[in-house]
Amino acid sequence: MNKEAIDAWLIARDLDKDSGEYLDYSWAVDMLYDQACDHPAELLTSVINILDADSTPETMGALGAGPIEDLFLHHGSDCINEIERIARSNPKFKGCLLFTFLDEDDVSKDVYVRLQKIKSSDKK
């Protein structure tokens, strides 16, 4: 995700989705959704790049409750090892996971338990 896309996503994050201005930036939101569905490794890189640009609670919340949740829904079993690895080494990424709320029936039991363990861990 390049700087233009990061900047567009950050602007869209703060706009009302019903506003005309949001439409000017929604392409960046769509890009992250497409990555969550079809290119999980790219999404993880994009999330880290966004966090490097802005790691405010608003950004962490929007990433955790948005594209990261989408990633879990589409590829949780395939990505959980990498998510755990990144969370251990990147406190900002781990912070996003605190905003990721999944029910036990959204993902496999294994993925659900492992996500809860990451979220409850004091290690960064």
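Scroll up to find the structure.
Residues numbered from 1 in each chain as written. Predicted model: local features only at pLDDT ≥ 70, side-chain atom pairs only at ≥ 80, totals over all residues. Heavy atoms only, no water.

**Focus on the packing of helix α4 (residues 57-89) against helix α6 (residues 109-120)**
- The interhelical angle for the contact between α4 and α6, taken along N-to-C directions, is 35 degrees, at an axis separation of 10 Å. Here α4 runs over α6; the crossing is left-handed. Counted together, Phe72, Gly76, Ser77, Ile80, Asn81, Ile83, Glu84 and Ala87 of α4 and Val111, Arg114, Leu115 and Ile118 of α6 form the full contact between these two elements.
- Residues that form the contact of α4 with α6 fall into these classes: 7 nonpolar, 3 polar and 2 charged. (Axes fitted to C-alpha atoms, helices over the stretch in contact; angles between N-to-C directions. Helix = DSSP H or I, 4+ residues; strand = E, 2+ residues; numbered from the N terminus. Left-handed = near helix turned anticlockwise from the far one by under 90°. Contact = heavy atoms within 4.5 Å. Nonpolar A, V, L, I, M, F, W, Y, C, P; charged D, E, K, R; others polar.)

**Topic: the environment of Met31**
- As for its position among the elements, Met31 is in helix α2 (residues 20-38).
- On the accessibility criterion, Met31 (27% relative accessible area) is partly exposed.
- Placed 49 residues apart in sequence, Met31 and Ile80 show a C-alpha to C-alpha distance of 21 Å.
- What Met31 contacts, discounting residues up to four positions off in sequence, is Met1 and Ala5. (Buried < 20%, exposed > 50% of the residue type's maximum accessible area, 1.4 Å probe, protein only.)

Purely spatial values, then, with no claim about function.
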